[in-house]
Each structure stands twice: as structure tokens, then as C-alpha cells.
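# Summary of structural features
Listed below, chain by chain, are the residues.
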Amino acid sequence: MLEHLTLANVDSFLAVILSVGGLYKAGSGFRRNEFEDVIDPLFQATSRVADDYIEMFGATLEAVEGTRDSKSLEEAMMQLRRNRTKMITTRARVGEIVKEIKEITRDGKMAIFLAKIETIFASEGMTQDDRRPQSRSGEMVTRLEMAVAGKVPRSEIISTLRRTLSEIEEAYAALAQSYARLRVKESRRRAGAGLTVGLS
């Protein structure tokens with residue numbers, strides 16, 4: 001199985017998150033360019049990682065559906081674990097910075113947009129030690145470990161993977177809708193200010 005979570009995309013995503021966090025901490029001087037400085041780069045970087053996530057879980061599903069032995073299940077688990085390792089630190093930083101930005105901004109649509117980014121990587125219904133959302137990849141690694149140990153049937157893993165893929169796709173669609181609303185808001189702001197609408 002190939003490495004489906006591209007390290008370059010993860011690094012780019014983290015770089016954008018850190019840059020955005022720095023802008024908010026620096027003050028409100030950039031706010032007139034919030035769409036260009038924050039929303040658009042965040043959406044583009046998140047889109048690339050979301051594509052990798054969908055490909056990663058799709059490849060895992062394909063591997064599990066095509067196997068009949070525990071060794072192949074273990075290989076699928078190890079591959080998913082390696083991909084997950086690339087994202088662990090980044091996901092933690094995303095959570096921290098998103099929380100900081102939510103505390104600073106008073107824009108409700110912006111807060112919703114940030115929350116939808118988090119939902120791509122962790123479902124609100126998943127909890128870890130009853131404290132915070134568990135990552136989708138973390139949940140799947142745990143379930144694959146149980147399958148390798150013979151504690152859960154392969155059919156349950158397949159069902160969980162299909163559900164996870166569907167949830168990621170739905171979460172990304174919701175993020176895209178939120179982005180579109182913010183884009184319209186920016187277009188109207190520019191038009192009202194007599195600015196040229198230069199959004200791609």
C-alpha cells in the first residue's frame with residue numbers, strides 16, 4: 001500500500017495554520033484582508049489534506065475488503081498507523097490555534113468555518129478518555145488492532161471504514177459551503193467598498 005498522506009501537504013497545512021495564528025495574535029491590522037490572509041489559504045491547505053485523508057481511508061477500505069487473513073489486516077493497520085503519525089502533531093497544533101482564534105474573533109461565520117476544519121479530522125461523536133474528540137485515524141487503528149487480534153469481525157471494520165469515508169466527505173462538503181458563504185460575504189464587502197473583486 002502506498003503512502004497516501006502526503007507529508008508536503010501536511011507541512012503546508014501546518015505552515016498555514018501557524019501563519020494564521022500569528023496574524024490573529026499580532027492584532028487586527030490585517031482584518032480588512034481576512035479572506036485573502038486567512039480564509040482562502042486555510043481552505044486551500046485543508047482541501048489538499050482532506051483529499052489525502054479520503055484517499056488514505058479509501059485505500060485502507062480496499063485493502064481490508066480484499067483480504068482474508070490477519071497478516072494482510074495487520075499490514076493495513078501498520079500503513080494507516082504510519083500515515084497517522086504524520087498528522088498527530090499537526091492535528092494537536094490545529095486544535096490549539098483554532099481555539100485561540102475562536103477566542104479572539106467575534107465573527108460567527110469564521111468560528112463555524114474553523115469548527116468545520118476540525119470536524120474533517122475528528123468526529124464530534126468520537127471521544128478519547130471522555131475529554132476531547134478522537135481522530136478518525138486513531139479510531140480506525142484501534143479497530144484494526146482489534147480485528148488483527150480476532151476481537152472484531154472484518155465486516156465491522158469494513159462498515160466503520162465506509163462510515164468514516166462518508167463522514168469525511170460530508171464534513172468537507174460542509175466546509176466548502178461555509179467557505180462559499182464567506183467568499184460571497186467578501187465579494188459584497190469589496191463591492192460596497194468599490195474594490196475590484198479579485199477572488200479566484
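Here, every reference points to the structure presented above.
Since the model is a prediction, treat every value here as computed from it, not as a measurement.

This part takes up the overall build of the chain. When its secondary structure is counted, the chain shows 6 helices and 2 strands. The order of helices and strands in the chain, counted from the N terminus, is α-α-α-α-β-β-α-α. Of all intrachain contacts in the chain linking residues separated by at least 6 positions in sequence, the fraction that spans at least 24 positions is 73%. Carbon and sulfur atoms make up 50% of the accessible area of the chain, which totals about 10400 Å².

The next thing to look at is the environment of Glu55. Examined against the element boundaries, Glu55 turns out to sit in helix 2 (residues 34–65). With 110 residues separating them along the chain, Glu55 and Leu165 place their C-alpha atoms 9.2 Å apart.

Let's shift gears to the packing of aromatic side chains. When we look at a pair of aromatic rings, we describe it by the centre distance and by the angle of the planes. As enumerated under the stated definition, the model contains 6 aromatic pairs in all. Aromatic side chains Tyr53 and Phe57 sit 5.8 Å apart centroid to centroid with 70° between the ring planes, which places their arrangement in the edge-to-face category. Here Phe57 and Tyr53 lie together in helix 2, a separation of 4 residues that amounts to about one turn. Since its relative accessible area comes to 0%, Phe57 is described here as buried. Through pairs of rings, three or more aromatic residues link up here, namely Phe13, Tyr53, Phe57 and Phe121.

Attention shifts here to the packing of helix 1 (residues 7–26) against helix 3 (residues 70–104). Two elements in contact, helix 1 and helix 3, have axes whose closest approach is 10 Å; the angle formed by their N-to-C orientations is 20°. With respect to their mutual orientation, helix 1 and helix 3 come out roughly parallel. Note on packing geometry: the crossing formed by helix 1 with helix 3 is left-handed. Here helix 1 contributes Leu7, Val10, Phe13, Leu14, Ile17, Leu18, Val20, Gly21, Tyr24 and Lys25 to the contact with helix 3, which in turn contributes Lys86, Met87, Thr90, Arg93, Val94, Ile97, Glu100, Ile101 and Ile104. Per-class residue counts for the contact of helix 1 with helix 3 are 13 nonpolar, 2 polar and 4 charged.

Turning next to the pattern of salt bridges. Scanning all chains against the criterion turns up 7 salt bridges. Arg163 is paired through a salt bridge with Glu139; the nearest N and O atoms lie 3.3 Å apart. Residue Arg163 is located in helix 6 (residues 154–192), and its partner Glu139 is located in helix 5 (residues 136–148); the two are separated by 24 residues in the primary sequence. Accessibility expressed as a relative area gives 33% for Arg163, which makes it partly exposed.

Moving on, we get to the environment of Ala50. Secondary-structure assignment places Ala50 in helix 2. On the basis of relative accessibility, which here comes to 1%, the residue Ala50 falls in the buried class. Sequence-wise, Ala50 and Ala171 are 121 residues apart; in three dimensions their C-alpha atoms are separated by 9.5 Å. Once you skip the residues sitting within four places of it in the chain, Ala50 turns out to touch Ile120 and Tyr172.

Rules and cut-offs
- Residues numbered from 1 in each chain as written.
- Predicted model: local features only at pLDDT ≥ 70, side-chain atom pairs only at ≥ 80, totals over all residues.
- Heavy atoms only, no water.
- Helix = DSSP H or I, 4+ residues; strand = E, 2+ residues; numbered from the N terminus.
- Contact = heavy atoms within 4.5 Å.
- Areas by Shrake-Rupley, 256 points an atom, 1.4 Å probe, with all protein chains shown as cover.
- Phe/Tyr/Trp six-rings, centres within 6.5 Å; stacked < 30°, edge-to-face > 60°.
- Buried < 20%, exposed > 50% of the residue type's maximum accessible area, 1.4 Å probe, protein only.
- Axes fitted to C-alpha atoms, helices over the stretch in contact; angles between N-to-C directions.
- Parallel < 35°, antiparallel > 145°, perpendicular 65-115°, else oblique.
- Left-handed = near helix turned anticlockwise from the far one by under 90°.
- Nonpolar A, V, L, I, M, F, W, Y, C, P; charged D, E, K, R; others polar.
- Salt bridge = Lys/Arg side-chain N within 4 Å of Asp/Glu carboxyl O.

Shape is all these values report; function is a separate question.
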